[in-house]
Each structure stands twice: as structure tokens, then as C-alpha cells.
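This is what each chain is made of:
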Amino acid sequence: SVRSVANMNQPWNSYWELADEQSTSRWQPRKVYLRELLAWDFSRTRLLILNACETASGKIERGEGGMSMARFFTRAHVPHVVASLWQNDDRISARIIDEFLRGLEDDRDLISALQQAKRMGMKELKNDYHYPLPYFWATFELHDLNFSNATHPKFN
């Protein structure tokens, strides 16, 4: 996904912009609307990373909570979804996601891997800019189908 556009008034009209596979001289993203994703099969998806901006943000519905793209995927039974709360810096976001995936490869649980990745982001920001603004490193959150405060979910 190149970016995510949330429609707060009509959440089903929210969409992703995906990089088009055709090579043309002028890049045109392909829009995939949330309502179209209903036809996609996510039964074999274990972890989904929504690195595009604002994929964890959405309209609050009474009795339902936040209606975001992350929520859509947990409702589609994707067990683990990492999503972004606000517009984020591409460079530091990519580094955080890379570190998160490295943590999973090292057999860390999802929460520990994301925490470690955020710590790395804070350290890098402190070295580069002398102040690790949470705006840059705190955007990602984990949505988990079976989350409990007593467990740290493993990615398997």
C-alpha cells in the first residue's frame, strides 16, 4: 500500500492506493476500496502490517468502537494487525517496521518485537535530532484478535 485514505462519514468508501504493476511513464495508483476487500480471502493471513498513514484511525461508532482499516482486518479474522494511528514519516516508519520484522525473525513475541522496534526508532531519532518526538516513533499499534493483558501473542 502506498497510502490509505479514510472516509470518516462513509467508512466503506475508505481506500488504499496501491502501486500499479504496469510500468508507465506516469505513475497512477490503483484504488482498492474497503468494500471491495470483502471479497478477498484472508483465511491464510497470520500477520498484516498496514504501514500506510492512518490505517488504525477511523470514525467512532456507538457500541462498535473505532471503525478503521485495522478493525476491518481483525473482523475478517486476521489474527495480528499492525497499523498506523496518524500520518507518519516514511523513513523512520520503514526502519521501525524493518526492526519489528527482525524481532519476529529472532523469535520475539509481537509486543516485544514492536516495543524493541519503537525503542530503536527513539534511539535513532535521539542521535539524529537530539529529541525523539513520539510523533515519529509511536504511530504503530498492534491489533490482536485474542489479545489479553496476561499474554504476549506469538507470531506463528
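Look above for the structure.
It should be emphasised that the depicted structure is a prediction, and the values quoted were computed from it without experimental measurement. (Residues numbered from 1 in each chain as written. Predicted model: local features only at pLDDT ≥ 70, side-chain atom pairs only at ≥ 80, totals over all residues. Heavy atoms only, no water.)

Asks: Please give an account of the overall build of the protein that cites residues and values.
Replies: Helix and strand content of the protein: four helices and eight strands. Walking the protein from its N terminus toward its C terminus, one meets helices and strands in the order β-β-β-β-β-β-α-β-α-α-α-β. When burial is assessed residue by residue, the protein has 38% of its 156 residues classed as buried. Residue pairs in contact within the protein that sit at least 24 positions apart in sequence constitute 61% of those at least 6 positions apart. Surface accessibility of the protein: about 9,700 Å² in total, with carbon and sulfur atoms responsible for 49%. (Helix = DSSP H or I, 4+ residues; strand = E, 2+ residues; numbered from the N terminus. Buried < 20%, exposed > 50% of the residue type's maximum accessible area, 1.4 Å probe, protein only. Contact = heavy atoms within 4.5 Å. Areas by Shrake-Rupley, 256 points an atom, 1.4 Å probe, with all protein chains shown as cover.)

Asks: If you had to explain helix α3 (residues 110-129) to someone new, which residues and values would you point to?
Replies: If you check α3, its first and last C-alpha atoms are 28 Å apart, about what 20 residues at 1.5 Å a residue would give, namely 28 Å. Looking at the buried side of α3, the elements it contacts are β4 (47-50), β7 (80-84), α2 (90-105), α4 (134-137) and β8 (140-144). Put simply, Asp109 is the residue that caps the front of α3, since its side-chain oxygen is 3.1 Å from the backbone nitrogen of Ile111. (Expected span 1.5 Å × (residues − 1). Polar contact = N/O pair within 3.5 Å; in protein donor to acceptor, adjacent residues only side chain to side chain.)

Asks: I'd like a description of the side chain of Thr139, backed by residues and values.
Replies: Tracing the chain through its elements places Thr139 in the loop between α4 and β8. A relative accessible area of 0% means that Thr139 is categorised as buried. Separated by 2.8 Å, the side chains of Thr139 and Ser84 make a polar contact. Ignoring anything within four residues of it in the chain, the contact list for Thr139 reads Ala83, Ser84, Leu85, Trp86, Asn88 and Pro134.

Asks: Can you tell me about the side chain of Asn88, naming the residues and giving the values?
Replies: With respect to the secondary-structure elements, Asn88 resides in the loop between β7 and α2. Those residues within four positions of Asn88 in sequence are excluded, and the remaining contacts are Asn51, Cys53, Ser93, Thr139 and Phe140.

Asks: So what about the sheet that holds β7? Which residues, and what values?
Replies: The strand order β4-β7-β8 describes an open sheet built from three strands, whose pairing is mixed. Bordering the open sheet on either side are β4 and β8, each of which pairs with just one other strand. Strand after strand, the sheet turns through a mean of 15° between neighbouring axes, direction not considered. Direction of pairing for β7 relative to β8: antiparallel, over a ladder of five bridges. (Pairing = 2+ DSSP bridges. Axes fitted to C-alpha atoms, helices over the stretch in contact; angles between N-to-C directions.)

Asks: Explain the pattern of salt bridges to me, and be specific about the residues and the numbers.
Replies: Tallying each qualifying case throughout the model produces four salt bridges. We note a salt bridge from Asp128 to Arg91, for which the minimum N-O separation is 3.7 Å. With Asp128 in helix α3 and Arg91 in helix α2, this residue pair connects regions lying 37 residues apart in the sequence. When its relative accessible area of 39% is taken as the criterion, Arg91 is described as partly exposed. Two residues, Glu99 and Arg102, come together in a salt bridge whose shortest N-O distance is 3.3 Å. (Salt bridge = Lys/Arg side-chain N within 4 Å of Asp/Glu carboxyl O.)

Asks: Can you explain unusual backbone geometry? Please cite residues and give values.
Replies: A positive phi angle, close to 70°, is found at His77, a residue other than glycine. Secondary-structure assignment places His77 in the loop between α1 (69-75) and β7.

Asks: Describe α2, naming the residues involved and giving the relevant values.
Replies: Taking 1.5 Å as the rise per residue, α2 with 16 residues should run 22 Å; its terminal C-alpha atoms sit 22 Å apart, in good agreement. What α2 keeps buried is the set Ile92, Ser93, Ile96, Ile97, Glu99, Phe100, Gly103 and Leu104. The buried residues of α2 occupy an angular sector of 160° when projected down its axis, which confines them to one face. The exposed set on the far side of α2, more than 90 degrees from its buried face, consists of Asp90 and Glu105. Here the buried face of α2 lies against β4, β7, α3, α4 and β8. Of the residues trailing α2, Asp107 is marked for its positive phi of about 70°. (Arc of directions from axis to C-beta.)

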